[in-house]
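The chain contents come next:
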Amino acid sequence: MGALHEGHMALVNRSRAECASTLVSIFVNPTQFGPGEDFDAYPRTFEEDLALLEEAGATAVFAPTAEDFYPYQTTKVLVEDVSEGFEGSARPTHFAGVSTVVAKLFLTSTPDRAYFGLKDLQQCAVVRRMVRDLGFGLKLSFVETVREPTGLALSSRNRYLSPENRILAAQMYITMHALATRLAAQGTLDSQAVVDAKSLLTERGFEVEYLAVVDPLSMKEPAELAPDARIVCAARYAGVRLIDNVPILENAQEA
């Protein structure tokens with residue numbers, strides 16, 4: 001959606017390494033913002049974004065207007081099941097906006113491959129399910145989250161945090177990583193460990209919306225610890241909503 005950073009550049013670099021040409025879309029999509037969310041305030045840095053993409057070697061940029069892209073705004077793509085819970089509960093209209101815009105981008109650009117960052121884990125699951133259900137003829141690649149030196153996941157919304165709070169907000173990742181290490185060492189799911197991690201985040205000033213172990217394909221909480229399980233978390237810190245996820249055991253993320 002623009003306000004590009006090194007996380008986005010990792011996707012461009014991966015595409016350039018694997019593809020003959022790289023098309024980047026920049027579109028602050030109004031349909032994935034709910035009432036009271038930050039659509040109007042969302043950072044828009046189009047000229048800076050173009051400079052970064054030129055430096056990174058992107059082939060072209062697709063930057064439509066909402067009026068051109070959604071002439072009527074009456075058609076939606078709904079991906080049930082995997083879009084429910086977690087972000088789907090917190091932002092009920094969000095994933096319909098995501099799946100609709102991604103489907104239209106695929107239809108408009110007809111790519112052979114598409115690249116997504118794993119920071120938005122549930123979004124990746126929704127797109128993966130949509131591609132398989134609707135038979136899009138492309139390959140999906142998912143790139144691991146790029147982080148600041150403190151561990152904080154790179155995000156366009158990090159601009160809302162003061163420099164001091166950006167450092168303190170890294171406790172979210174540090175706590176999740178410690179939980180992942182604990183679960184990996186035990187080799188089993190441990191609900192008390194999750195409760196302890198959530199309490200620790202609360203003590204550190206986070207307003208935790210959810211913290212859970214999930215299967216990254218179904219976004220369901222598994223009955224037992226699987227090799228591809230990940231920890232997902234959403235929390236507010238200093239008034240800014242942050243989401244993140246970490247693997248419990250490293251594994252390839254390809255579709």
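Computed from a prediction, not measured in an experiment: that's the story for all the values here.

Colleague: Just checking my understanding: could you explain unusual backbone geometry for this structure?
Modeller: Excluding glycine, most residues fall at negative phi; most peptide bonds, likewise, are trans. Non-glycine residue glutamine 73 carries a positive phi angle of around 55 degrees. Locating glutamine 73 in the fold gives a position in the loop between α3 (66–69) and α4 (87–90). The phi torsion at phenylalanine 86 lies on the positive side, around 50 degrees, for a residue other than glycine. Following the sequence through the fold, phenylalanine 86 ends up in the loop between α3 and α4.

Colleague: What is the right way to read the sheet that holds strand β7 (residues 240–247) from this model?
Modeller: Note: strands within a sheet are paired through backbone hydrogen bonds, in either parallel or antiparallel orientation. Reading across the sheet, the three strands line up as β5-β6-β7 and stay open at both edges, with antiparallel pairing between neighbours. Both edges of this open sheet fall to β5 (207–214) and β7, since each of them pairs with a single strand only. Taken pair by pair, the neighbouring strands of this sheet meet at an average axis angle of 10 degrees, ignoring direction. The sheet contact formed by strand β6 (residues 230–237) and β7 spans eight bridges and is antiparallel. For tyrosine 237, the partnering residue across the bridge sits in β7 and is valine 240. Contacting β5, β6 and β7, helix α8 (residues 171–186) crosses the sheet at an angle of about 25 degrees to β7. With respect to the sheet, helix α9 (residues 191–203) is in contact with β5 and β6, its orientation differing from that of β5 by roughly 155 degrees.

Colleague: Please clarify how the packing of helix α1 (residues 6–18) against helix α2 (residues 46–56) should be interpreted in this entry.
Modeller: Axes are the key here: two packed helices are described by the angle between their axes and the distance separating the axes. Contact geometry of α1 with α2 gives a least axis separation of 10 Å together with a crossing angle of 30 degrees. Here α2 runs roughly parallel to α1, going by the angle between their axes. Every pair of crossing elements has a handedness; the one defined by α1 and α2 is right-handed. In this structure, α1 contributes Met9, Val12, Asn13 and Arg16 to the contact, and α2 contributes Leu52, Leu53 and Ala56. Among the residues making up the contact of α1 with α2, the classes are represented as five nonpolar, one polar and one charged.

Colleague: Just checking my understanding: could you explain the environment of phenylalanine 116 for this structure?
Modeller: The residue phenylalanine 116 is located in strand β3 (residues 113–117) in this model. Along the primary structure phenylalanine 116 and threonine 145 are separated by 29 residues, whereas in three dimensions their C-alpha atoms are 9.9 Å apart. Residues contacting phenylalanine 116, with those up to four places away along its chain left out, are Leu11, Val102, Phe106, Gln123, Cys124, Val127, Leu140, Ser141, Phe142 and Val143.

Colleague: So what exactly am I meant to see when it comes to the pairing of β6 here?
Modeller: Remark: a regular strand shows side chains that alternate across the two faces of the sheet. Counting buried residues along β6, seven of its eight residues qualify, which places the element largely inside the surrounding structure. Alignment of β5 against β6, held across seven bridges, turns out to be antiparallel. What sits directly across from glutamate 207, in β6, is arginine 236. Where β6 folds back on β7, the antiparallel hairpin that results is connected by two residues, among which alanine 238 adopts a positive phi of roughly 55 degrees.

Colleague: Which parts of the structure should I look at to understand the nonpolar core?
Modeller: Across soluble globular proteins, nonpolar side chains have a tendency to be buried as a group. In terms of nonpolar packing, the biggest core is built from 35 residues, with Val102, Phe106, Phe116, Met130, Leu140, Met219 and Val232 touching the most fellow members. Grouped together as the second largest cluster of nonpolar side chains are 26 residues, Leu179, Leu211, Ala229 and Cys233 included.

Colleague: Help me out: how do you make sense of the packing of aromatic side chains in this one?
Modeller: In this structure the tally under the stated criterion is 11 aromatic pairs. For the pair phenylalanine 62 and phenylalanine 69, a centre-to-centre distance of 6.1 Å together with 65 degrees between the ring planes defines the contact as edge-to-face. Ring geometry for phenylalanine 86 and tyrosine 210: centres 5.1 Å apart, planes at 65 degrees, overall edge-to-face. Of this pair, phenylalanine 86 sits in the loop between α3 and α4 while tyrosine 210 sits in strand β5, and the two are 124 residues apart along the sequence. Here phenylalanine 86 and tyrosine 210 have matching classes, each one buried. Ring pairs connect the aromatic residues Phe27, Phe62, Phe69 and Tyr70, which therefore count as one cluster. When the ring centre of phenylalanine 39 is taken as reference, the NZ or CZ atom of arginine 44 above it lies at 4.9 Å.

Colleague: Honestly, helix α6 (residues 121–134) in this entry has me stumped. Any pointers?
Modeller: Owing to its 3.6 residues per turn, the α-helix brings residues three or four apart onto one side. Taking 1.5 Å of rise per residue, 14 residues should cover 20 Å, and α6 covers 20 Å from first to last C-alpha, within 8% of that figure. The element α6 is largely enclosed, with a buried count of 10 among its 14 residues. Along α6, the residues that are buried comprise Leu121, Gln122, Gln123, Cys124, Ala125, Val126, Val127, Arg128, Met130 and Val131. Just past α6, the residue glycine 135 takes up positive phi, approximately 70 degrees.

Parameters and conventions
Residues numbered from 1 in each chain as written. Predicted model: local features only at pLDDT ≥ 70, side-chain atom pairs only at ≥ 80, totals over all residues. Heavy atoms only, no water. Helix = DSSP H or I, 4+ residues; strand = E, 2+ residues; numbered from the N terminus. Pairing = 2+ DSSP bridges. Axes fitted to C-alpha atoms, helices over the stretch in contact; angles between N-to-C directions. Contact = heavy atoms within 4.5 Å. Parallel < 35°, antiparallel > 145°, perpendicular 65-115°, else oblique. Left-handed = near helix turned anticlockwise from the far one by under 90°. Nonpolar A, V, L, I, M, F, W, Y, C, P; charged D, E, K, R; others polar. Buried < 20%, exposed > 50% of the residue type's maximum accessible area, 1.4 Å probe, protein only. Core = buried A, V, L, I, M, F, W, Y, C linked by side-chain atoms within 4.5 Å. Phe/Tyr/Trp six-rings, centres within 6.5 Å; stacked < 30°, edge-to-face > 60°. Lys NZ or Arg CZ within 6 Å of the ring centre and 35° of its normal. Expected span 1.5 Å × (residues − 1).

These figures come from the coordinates and say nothing about function on their own.
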